[in-house]
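Secondary and tertiary structure notes
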Amino acid sequence: MEFRAKSDFLVFLLCCLALFNINCVEASHEVFLNLQSLSLPAPLNHVYHLHRTRYHFQPRKNWINDPNGPMYYNGIYHLFYQYNPKGAVWGNIVWAHSVSKDLVNWKKLEHAIYPSKPFDQYGCWSGSATVLPGNKPVILYTGIVDDKQTQVQNYAVPANLSDPYLRLWIKPDNNPLIVADNWVNKTAFRDPTTAWFGKDGKWRVTIGGRRKRKHRGIAYLYRSKDFMRWTKAKHPLHSAAGTGNWECPDFFPVQVNGKNGLDTSVTGRNVKYVFKVSLDVTRYEYYTIGTYDIKKDKYIPEKDMIDGWNGLRYDYGNFYASKSFFDPGKNRRILWGWANESDTTDNDVKKGWAGIQLIPRTVVLDPSGKQLLQWPVEELETLRGKKVELSNQNLNKGEKIEIKGITAAQSDVDVTFSFNSLDKAETFDPSWDRYDAQKLCSQKGSTVEGGLGPFGLLTLASENLEEYTPVFFRVFKAQDKHLVLMCSDASRSTLMNGNSSMKDGKDAYRPSFAGFVNVDLNDKKLSLRSLIDHSVVESFGAGGRTCITSRVYPILAVCDKAHLYAFNNGTETVKIDTLKAWSMNRPKEMNH
Ligand code: DQQ
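Rules used throughout
- Throughout, residues of each chain are indexed from 1 in the direction in which the sequence is written.
- In keeping with the predicted nature of the model, local features appear solely for residues at pLDDT of at least 70, side-chain atom pairs appear and are counted solely at 80 or more, and the whole-chain, interface and lining totals rest on all residues.
- Values shown for side chains rest on all heavy atoms present in the structure; no hydrogens or waters enter the calculation.
- Only DSSP runs of H or I reaching four residues or more are called helices, and only runs of E reaching two or more are called strands; each is numbered from the N terminus.
- Restricting the calculation to C-alpha atoms gives the radius of gyration, and the globule rule supplies 2.2 Å times the number of residues raised to the power 0.38.
- In what follows, residue pairs with any heavy atoms lying within 4.5 Å of each other are defined as contacts.
- In short, Shrake-Rupley with a 1.4 Å probe defines the accessible areas, and a residue's cover is counted only from the protein chains shown.
- Charge counting follows a simple rule: Lys and Arg are positive, Asp and Glu are negative, and His as well as the terminal groups are ignored.
- Note that the charge is assigned to NZ on lysines, CZ on arginines, CG on aspartates and CD on glutamates.
- What makes two strands pair is DSSP finding at least two bridges between them.
- Two cysteine sulfurs form a disulfide in these notes if their separation is within 2.5 Å.
- Only protein chains enter the calculation, and the probe is 1.4 Å; a residue is then buried if its accessible area is under 20% of its type maximum, exposed if over 50%, and partly exposed in between.
- Each patch is built from residues lacking any salt bridge and having more than 30% relative accessible area; the joining distance is 9 Å for like charges and 5 Å for nonpolar side chains (Val, Leu, Ile, Met, Phe, Trp, Tyr).
- Throughout this description, the term salt bridge denotes a Lys or Arg side-chain nitrogen within 4 Å of a carboxyl oxygen of Asp or Glu.
- Any residue with a non-hydrogen atom lying within 4 Å of a molecule or strand is treated as near it.
- In protein, a polar contact means a hydrogen-donor-capable atom and an acceptor-capable atom, both N or O and within 3.5 Å, with residues adjacent in sequence counting only if both atoms are side-chain atoms; elsewhere, any N or O pair within 3.5 Å suffices.
- Put simply, Ala, Val, Leu, Ile, Met, Phe, Trp, Tyr, Cys and Pro go in the nonpolar bin, Asp, Glu, Lys and Arg in the charged bin, and everything else, Gly too, in the polar bin.
- Domain delimitation follows an automatic or database domain assignment.
- The term buried area refers to how much accessible surface (probe radius 1.4 Å) is lost by two components on association, counted for both of them together.
- UniProt positions are given in the numbering used here, feature names are shortened, and annotations may be inferred rather than shown by experiment.
- It is the directions from the helix axis to the C-beta atoms that the arc portrays.
- Note on ring pairs: Phe, Tyr and Trp rings are taken, using the six-membered ring of Trp, and paired if centres are within 6.5 Å. Classes follow the plane angle, with under 30 degrees stacked, over 60 edge-to-face and the rest tilted.

This brings us to the overall build of the protein. When helices and strands are tallied, the protein shows four helices and 39 strands. For a compact globule of 592 residues, the expected C-alpha radius of gyration is about 25 Å, and the protein comes in at 24 Å, within 12% of that figure. By its C-alpha atoms, the protein is 65 × 60 × 45 Å across when sized along the principal axes. Pairs at least 24 residues apart make up 66% of the contacts formed inside the protein by residues separated by at least 6 positions. When the accessible surface of the protein is summed, it comes to about 23,700 Å², and 48% of that surface belongs to carbon and sulfur atoms. Here the protein carries 76 positive and 62 negative side-chain charges, and the mean point of each set is 5 Å from the other.

This part is about the sheet that holds strand S3 (residues 94-100). Read from one edge to the other, the open sheet built from five strands follows the order S4-S3-S2-S1-S23, with strand pairing classed as mixed. Unpaired on one side and paired on the other, strand S4 (107-108) and strand S23 (353-354) mark the two borders of the sheet. With two bridges connecting them, S3 and S4 associate as antiparallel partners. Within S4, the residue paired with Ser98 across the bridge is Lys108.

Using the criterion set out here, one finds one disulfide in the structure. Covalently, Cys441 is tied to Cys487 through a disulfide, its sulfur atoms 2.5 Å apart. Remark: Cys487 occurs in strand S33 (residues 482-489) and Cys441 occurs in helix H4 (residues 437-444); sequence separation between them is 46 residues. Counting only cysteine sulfurs, Cys124 is the nearest neighbor of Cys248, a cysteine outside any disulfide, at a range of 15 Å. We classify Cys248 as buried; its relative accessible area is 2%. With no disulfide of its own, Cys547 has Cys487 as its nearest cysteine by sulfur position, at a separation of 15 Å. Residue classification places Cys547 among the buried positions, given a relative accessible area of 1%.

Following Asn175, the chain continues into Pro176 via a peptide bond in cis, with omega recorded as -5°. Relative to the elements of secondary structure, Pro176 occurs in the loop between strand S8 (169-170) and strand S9 (178-179). Between Gly453 and Pro454 the backbone carries a cis peptide bond, its omega angle lying at 5°. You can see Pro454 is positioned in the loop between H4 and strand S31 (455-461). With phi around 40°, Cys248 is a residue other than glycine that occupies positive phi space. As for its placement among the helices and strands, Cys248 is situated in strand S16 (residues 246-255). At Ala321, a residue that is not glycine, the phi angle is positive and equals roughly 55°. Examined against the element boundaries, Ala321 turns out to sit in strand S21 (residues 320-327).

A contiguous patch of positive charge on the surface is contributed by Lys148, Lys186, Arg211, Lys212, Arg213 and Lys214. Its location among the elements puts Lys212 in the loop between strand S12 (203-210) and strand S13 (217-224). For Lys212, a relative accessible area of 34% translates into the label partly exposed.

The ligand sits among Asn65, Asp66, Gln82, Trp90, Trp125, Ser126, Arg190, Asp191, Glu247, Arg283, Tyr320 and Ala321. Interatomic distance of 3.0 Å between a side-chain N/O atom of Asn65 and an oxygen atom of the ligand. In terms of residue class, the shell around the ligand is built from four nonpolar, three polar and five charged.

This part is about the domain arrangement of the protein. One can read the domain layout of the protein as domain 1 (64-376) and domain 2 (384-584). The straight-line distance from the C-alpha centre of domain 1 to that of domain 2 is 31 Å. Taken residue by residue, the interface counts 32 residues in domain 1 and 33 residues in domain 2. Both sides together, the interface formed by domain 1 and domain 2 hides about 2,800 Å², and carbon and sulfur atoms give 52% of it. The largest contributions to the domain 1 side of the interface with domain 2 come from Tyr316, Ser342 and Trp375, which together make up 23% of the buried area.

Within the UniProt annotation, "domain: Glycosyl hydrolase family 32 C-terminal" (unreviewed entry) is assigned to residues 379-583. For residues 379-583, the helix share is 4%, the strand share is 46%, and the end-to-end C-alpha distance is 15 Å.

Attention shifts here to H4. By the burial criterion, the buried members of H4 are Ala437, Leu440, Cys441 and Lys444. Mapping the buried residues of H4 onto a view down its axis gives an arc of 100°, with all of them on the same face. Check the buried side of H4 and you find it contacts strand S30 (426-427), strand S32 (469-477), S33 and strand S34 (512-517). Following H4 by one or two positions, Gly445 has its phi on the positive side, about 55°.

Attention now moves to the packing of aromatic side chains. According to the stated counting rule, one finds 40 aromatic pairs in the structure shown. Taking 5.2 Å as the distance between ring centres and 80° as the angle between the ring planes, the aromatic pair formed by Phe57 and Tyr81 counts as edge-to-face. Taken together, the positions of Phe57 in the loop between helix H2 (42-49) and strand S1 (62-73) and Tyr81 in strand S2 (residues 76-84) put the pair 24 residues apart, joining distant regions of the chain. You can call Phe57 buried: its relative accessible area is 3%.

On to the side chain of Gln151, then. Examined against the element boundaries, Gln151 turns out to sit in strand S7 (residues 151-158). A polar contact is formed between the side chain of Gln151 and the side chain of Arg190, at a distance of 3.3 Å. Non-local contacts of Gln151, meaning those with residues more than four positions away in its chain, are made with Trp125, Thr142, Gly143, Ile144, Lys186, Thr187, Ala188, Phe189 and Arg190.

Given below as structure tokens:
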């Protein structure tokens, strides 16, 4: 066996050590992955297996990306997703299909849509489901028709509506339904949304793209009376200059001052609209809140909303190509997002799998009307096992408290911190870029002493802190108001070498993800919930006002060698008001 570098040898050694000492929750019940064509030394195999998530949505092997066509139909949740049946890198894309009764346990079915016809023979890319009157689901998806990646929009319908799982899908011969006209850039024309129904008796759908020879991102609008013949509207639903290609648009109504979700076709007085795009240029997801002018058939963001990469994000970390759907069973809107791996391509291939779907989140409009609140679906709580609680514990400057008694690598942690005063908040230097939270986080980090903060959690930490992923707050005083920075910092998450050995492979990506939290500090409290699952830390700041997801690959802080701490490196004492943490059980069924 040859090692590329000293660091590889170190990794191997650590893996062996870890192998003999660690005990992973239910690990012995896991079926080992068939690791493609690469034969690995067994210990490495085992340790890479330790980075598999245990309660997130994952197929047993291979590459996954965007969630597609999520829907609730006759008591069953459906999730389709972009999947490569042949390996752990993107390619050969089909729609894989799983069903669930509770959003926690998932049953794997046969692929629903795969290349087989001239209108999709080079790929079946992302799309959405709409349930038509008469309770008839239909999927709109993007078909790739040639090796130049020309994109058209197709539909598929269930072969048998009385099959509760809707296993088989038919792609009728009148496809494609929508083809790019001369004004549309046909290689940037994809990802149709769930359709909505207008008072004029027409269906509408929006499709993402980019203007020809320009960097204007665009959401084309198409209308149809019968869902079969579609006409492009003269104006797009929305567009914004200089934002590049828009992927996976999403457009849906939200209640003002309400907690329920709304069906995509609902309009009315107490309704605002959310328009989201996945920006290909930055690979983040941005949204604005606005109104839908039904007469003009246009979306108009509210005045103070920023359209583009200084705007609001669903998640300030690893979260892309998301899609929401209305769940009539529980009157809520649910958001699914995909998290790519942040590891080297070499390791993705060695592991034999890449990509997870994040925990589905409910989405509601914040009472301020200025942003969304996201929260893990309540069903996740059924997986909570052993619980520990802390309250009224002071964290003085430089202190950390270990949260013992749970499996830190596979846990759900909900903590509220409080403090007596904002006086010690550091001054926000006006020369800093308010829109570059990530830069600020990478400079200030979790160890640089502050005034009010940094305080928060050290997740997936090794005993002597050789590895850790801190999720924390740092409060600044700007001229006009206090600014709360939230970070999820992967820069110290692993000792593993992050360089890819593959020519075209990607290196590991360990960013100091960060966002500002728009929260009222009058009650002098800040809450944080983190879902920790071996290689993912999904965090919700201040009740879901700011969310950040990190993918990390520790080699010491694995399974029962992972620790969890609450810490404070600010001069102002902070108190753990309440902390509840649970070991998380695995779902009984996860795409076996
Ligand atoms: N992924 C799909 C596209 C979409 C992109 C292809 C976003 O339809 O634009 O796998 O991740």
